[in-house]
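Residues per chain are reported as follows:
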Amino acid sequence: MIRDVVRRARELLADGDQEQAHAILTLALDGQRFAAQDVEAIAVAEATGMLVRMEAPSEPHHVVERRIARMTELTDGFDADAVREARALAELEAIEWVHRHEPDDAVVLVDVMRAAESFAARHSGDEQPLGVRRARAEAMFTAEILRRHLGRDHHRVAVGLETLALTLTAESDERLRHLRIAALYRAAQIRYDAGDDPESAIALMHRVIAEAEPVPSARTLLHAASLCLVDDEIGRGAPAAVAIAHGLRALDVPVAELGFEAAAEQARHLDQTLERLPDTERDPAAVEHGAALVDRYAACASEDAREAILWWVLGGVPGDAGAVTAVHRQVLAHADHAFGTDPSPLTAAARARVAARLAEVTAHLGDPEGAVRLYERLDARFPGHEHDERLVVPLALATVDRALRLADTGRRKEALDALAQVPHRYATAAGVPGVPAAIAQAMYWRGRLLREAGELAESRRVIGDAVDRSAPDADADVRLWAANALFSTWQSPGLDPAEIDGALHRFSDLFADDEDIRIRRLDARRRLTQSTRAAERGEHQVAATLLQSLVTRHADSDDPDIRDTVELATENRRILAISSPTNAAPASAGEARYREFRERVHRADTAVAEGRHADAEELLAAIAADTRADPDPNIVMLGLAALDVLGGLFLDAGRWEELVAVARSAALRRPGLDTRARRVHARGHLRLGIALGRLGEERAAIEAYEALERLADGSTDGDIVNAREVAAYNRAVLTDNLDDPFAAIAAYDHVLRIHDQSVDSAERRLRRIKALRNKALLLTGLGRLPEATSAHRIILDIACAFPDSEIAERGRKSAFDLAACYTQLGQHRAASDLYTWMRSAHHLGFTRDELKSITRSAKKAARESKRAQR
């Protein structure tokens, strides 16, 4: 009877039904008589252990004690080894639960510690069966851990752990050997942390490593001890690159039972070892030792272990594109190559993600052409992935990203064709979670690229289909792309105002009540945009109503982007309230003063518009002086606006010394003001940097630009972001002029990073091109030709996609420079192919003289290429 109940209880616990398991075990034990044979006694002990495991975390200690006393009574007289072991394991449950639940009640911990001490005392002796000896060692170990947790003398606790380890010296059982190693490690750790004979503690750590090597379950202890040795040597002044040898040696210990967990533990240990290195030394070490670990596991027989290492490689690549480095690409490329011939279906999902991530990272690092080539190999490597649930999502997303990279390289038609195929290609997998979102993303990008290409009618059709298909979806990841499609429509200034209004209204109909935070952000922006457009049309009441709805809907959000939008809405409401036309008399002296200054600002604006700059300057300077100390923030804001306009006039006139004074005043922070003030501050810093740079004070100008960088960091306001981008470029140019090529390259990289975070525009493209050109010239001067070629290729990609005159001019120069790089690198075939392409690149507008030079150089490159092939 009791045996059947135990079996049924196990089944219930496996299904997660603890309540029913507890009920049947309690009923069975309450009705149980004295055991009649060993198997019944064992079942009674097992049932008791299961109940104690469930009750110990929540019931008073005396309740658990009664359970154990009842078990002892029912099994009295049965002393076979199996019965004694079952009883010991049941009683151990009343102790070991503390490791699973970690209570912080000192009284409870003392009760458990005393129970562990009592248990150990009652089950001492070498004659005990193995299971009892294991249980006793577990209890003794727990007792010492609790003593340490309760603040007992560290020296006594360490001695207790060492005594436990000593009693287990002769044991050959793996669990008991593990406990001995754990006791030694804890004792050494306690002594070392307390400064109690650290030399002996380090000696103990060496013993831990020696004894843990042949014990698979003690692998984590081996790793922990080796890291302690690393930290100790670093603490004594040894170079980290030398000290980490202890940690690396632990990786060379053979793993007896290869599997997912063992491989994952090895990988985690390598990460923890490399964390001890300084930043400047970590990257090359990560490539070297990461590649070695990948190679070791790529050749192992365990599919689980191979999969674990692939997931580790993926986990080491940051999700943020801006944080990805060439080191991450190297590790991904090595893993992709090492596992390239792995035939296992079990590792396929991880291998596909590594390959796709490699292509994605390659694009992030400025090589979209290389990314396209990597993406194009995926179909051949993973045939039929459209019908494999493990592969279809990452490879469908890879197909979309490949199309975007094609667009980046000027191959817009191929990009549009690839995006058009996605909905049909993956239609059969539309039931797989993640695939509908990939399809929706493809439709969004196709509509957007068509619009950017001027194919407005087709773009409207595709976006309409995308919204109709995706907006009703229950999955927010799918709805988001419909919302993005409408958002990108109203963000396109070249469209007809009626079409923009239509997109805004449709978004309102579909998404005004959507609870997904990403869509809520867009909804907040939608309401702000609609209010601005209404105000521009003179519909002030409509604008005020929209702003009120924005604040009502989103005021409680804790999302930073939404909070920024709500702040702007609050500011705009205040501006509307005090600036809307009215014939009513001022309600207060403050409002009268505001109207007076607003009228003075209006007169200054009129003077600027009529070209009477001297009159405007006089008016603006007076407004700025008269409002500087005013207690009303709205009037202070009018003064800042006056300074802003005055700074613009001085900037346009090149009056640098006067601009310095005005810009410094505009850049001064006024506490308690809003986004409008921060915009003026940002432009003040920018203009100050420009003026100081023109006056030859380069370092002071750089400081002004860096102050703007700090002010703008994290801002999403368009004016502030644009000022930051201009300042970053100007700072990079000034740094370049100071003859520090390494600092200049870093500064140009920063320019490119922050521009990549913004929506593309003609102005931003030109700055990117200029930054890339200057960086490429610096790289060439340093002899870093492969990096220079990469920069020139990106310039040509942009120039081919957007060949306006200024960009085309720089594209022509980079084409010649790229050919020169190829020649210096001995890549004559590449140079020859490039010259051939240049002759047909009519969109770049090569002059007649340039075409003659291209023809001569092409012949020379062709000869060198043939000579190299002989």
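Residues numbered from 1 in each chain as written. Predicted model: local features only at pLDDT ≥ 70, side-chain atom pairs only at ≥ 80, totals over all residues. Heavy atoms only, no water.

A. Structural context of the overall build of the protein chain. On a plain count of helices and strands, the protein chain comes out with 42 helices and 0 strands. Here the C-alpha radius of gyration of the protein chain, 36 Å, is well above what a compact globule of 870 residues would show, namely 29 Å. Along the first, second and third principal axes, the C-alpha set of the protein chain runs to 110 × 90 × 60 Å. Across the 870 residues in the protein chain, those meeting the buried criterion constitute 50%. (Helix = DSSP H or I, 4+ residues; strand = E, 2+ residues; numbered from the N terminus. Rg over C-alpha atoms; globule rule 2.2 N^0.38 Å. Buried < 20%, exposed > 50% of the residue type's maximum accessible area, 1.4 Å probe, protein only.)

B. Main features of the packing of helix H36 (residues 718-737) against helix H37 (residues 741-756). Viewed as axis vectors pointing N to C, H36 and H37 meet at an angle of 165°, and their least axial separation amounts to 8 Å. Relative to H37, the element H36 lies roughly antiparallel. As for the relative orientation of H36 and H37, their crossing is left-handed in sense. Residues Arg724, Glu725, Ala728, Tyr729, Arg731, Ala732, Val733, Thr735 and Asp736 of H36 form the contact with H37, whose own contacting residues are Ala743, Ala744, Ala747, Tyr748, His750, Val751, Ile754 and His755. Split into classes, the residues belonging to the contact of H36 with H37 amount to 10 nonpolar, 3 polar and 4 charged. (Axes fitted to C-alpha atoms, helices over the stretch in contact; angles between N-to-C directions. Parallel < 35°, antiparallel > 145°, perpendicular 65-115°, else oblique. Left-handed = near helix turned anticlockwise from the far one by under 90°. Contact = heavy atoms within 4.5 Å. Nonpolar A, V, L, I, M, F, W, Y, C, P; charged D, E, K, R; others polar.)

C. Expanded view of helix H22 (residues 412-425). Over its 14 residues, H22 runs 20 Å from end to end, which matches the ideal 20 Å to within 8%, given 1.5 Å per residue. Buried within H22 we find Arg412, Ala415, Leu416, Ala418, Leu419, Val422 and Pro423. In a view along the axis of H22, the buried residues occupy a sector of 160°, so they form one face of it. Summarising the geometry of H22, the exposed residues directed more than 90 degrees from the buried face are Lys413 and His424. (Expected span 1.5 Å × (residues − 1). Arc of directions from axis to C-beta.)

D. How the structure looks around the packing of aromatic side chains. Enumeration according to the criterion identifies 6 aromatic pairs in this entry. A ring pair is formed by Phe507 and Phe511, whose centres lie 5.1 Å apart and whose planes are at 50°; its orientation type is tilted. In this pair, Phe507 and Phe511 both sit in helix H26 (residues 497-511), 4 residues apart, roughly one turn of the helix. For Phe507, a relative accessible area of 0% corresponds to the buried category. Within the aromatic cluster, the residues linked to one another by ring pairs are Phe487, Trp490, Phe507 and Phe511. (Phe/Tyr/Trp six-rings, centres within 6.5 Å; stacked < 30°, edge-to-face > 60°.)

E. How the structure looks around the environment of Arg767. Tracing the sequence through the fold places Arg767 in helix H38 (residues 762-781). Residues Arg767 and Glu213, spaced 554 residues apart in sequence, show a C-alpha to C-alpha distance of 58 Å. Dropping the residues within four chain positions of it, Arg767 is found in contact with Asn722, Glu725, Val726, Tyr729 and His755. There is a polar contact of 3.4 Å between the side chain of Arg767 and the side chain of Glu725. (Polar contact = N/O pair within 3.5 Å; in protein donor to acceptor, adjacent residues only side chain to side chain.)

F. Layout of H26. With 15 residues, H26 should cover 21 Å at 1.5 Å per step; its first-to-last C-alpha distance of 21 Å lies within 8% of that length. Listed as buried for H26 are Ile500, Ala503, Leu504, Phe507 and Phe511. Buried residues of H26 fall within an arc of 95° about the axis and therefore sit on the same side. Exposed and facing more than 90 degrees away from the buried side of H26 are Ala498 and Asp509. Where H26 is buried, its residues contact helix H25 (476-490) and helix H27 (517-536). Capping of H26 at its N-terminal end is provided by Asp496; its side-chain oxygen lies 2.8 Å from the backbone amide nitrogen of Ala498.

G. Examining the side chain of Thr627 more closely. Tracing the backbone shows Thr627 in helix H31 (residues 613-627). In this structure Thr627 comes out as buried when scored by relative accessible area, which is 1%. At 2.8 Å, the side chain of Thr627 and the backbone oxygen of Ile623 are in polar contact. Polar contacts involving the side chain of Thr627 include one to the main-chain carbonyl oxygen of Ala624, which spans 3.4 Å. Among all residues touching Thr627, those that are not within four sequence positions of it are Phe597, Ile635, Val636 and Gly639.

H. The arrangement of the environment of Gln824 in detail. Looking at where Gln824 falls in the secondary structure, it is placed in helix H40 (residues 805-824). Of the residues examined, Gln824 reaches a relative accessible area of 54% and is grouped as exposed.

I. The arrangement of the pattern of salt bridges in detail. Tallying each qualifying case throughout the model produces 77 salt bridges. In the salt-bridge network here, residues are joined through shared partners; they are Asp644, Arg679, Arg683, Arg687 and Asp719. (Salt bridge = Lys/Arg side-chain N within 4 Å of Asp/Glu carboxyl O.)

J. Region of interest: the side chain of Arg810. As for its placement among the helices and strands, Arg810 is situated in helix H40. A polar side-chain atom of Arg810 sits 3.1 Å from the main-chain carbonyl oxygen of Glu806. The residues contacting Arg810, other than those within four sequence positions of it, are Leu766, Ile769, Lys770, Arg773 and Ile795.

K. Main features of unusual backbone geometry. Look at Glu102: it is not a glycine, yet its phi comes out positive at around 45°. Mapped onto the secondary structure, Glu102 falls in the loop between helix H5 (81-101) and helix H6 (106-122). For Asp739, which is not a glycine, the phi torsion comes out positive at approximately 60°. Within the secondary structure, Asp739 sits in the loop between H36 and H37.

L. View of a positive patch on the surface. Taken together, the side chains of Arg839, Lys859, Lys860 and Arg863 present a region of like positive charge at the surface. Counting residues per element, the positive patch draws most heavily on helix H42 (residues 848-869), at 3 residues. (Patch = residues over 30% accessible without salt bridge, like charges linked within 9 Å, V, L, I, M, F, W, Y side chains within 5 Å. Areas by Shrake-Rupley, 256 points an atom, 1.4 Å probe, with all protein chains shown as cover. Lys, Arg positive; Asp, Glu negative; His and termini not counted. Charge placed at Lys NZ, Arg CZ, Asp CG, Glu CD.)

M. Molecular detail of the packing of helix H23 (residues 435-452) against H25. Two elements in contact, H23 and H25, have axes whose closest approach is 8 Å; the angle formed by their N-to-C orientations is 10°. When the axis of H23 is compared with that of H25, the two are roughly parallel. Listed contacts from H25 to Pro436, Ala437, Ala440, Gln441, Tyr444, Trp445 and Arg451 of H23 are Asp477, Val478, Trp481, Asn484, Ala485, Ser488 and Thr489.

N. How the structure looks around the environment of Pro254. With respect to the helices and strands, Pro254 occurs in the loop between helix H13 (245-251) and helix H14 (260-274). With relative accessibility at 67%, the residue Pro254 sits in the exposed group. Taking the C-alpha atoms as reference points, Pro254 and Pro214, 40 residues apart in sequence, are found 8.5 Å from one another.

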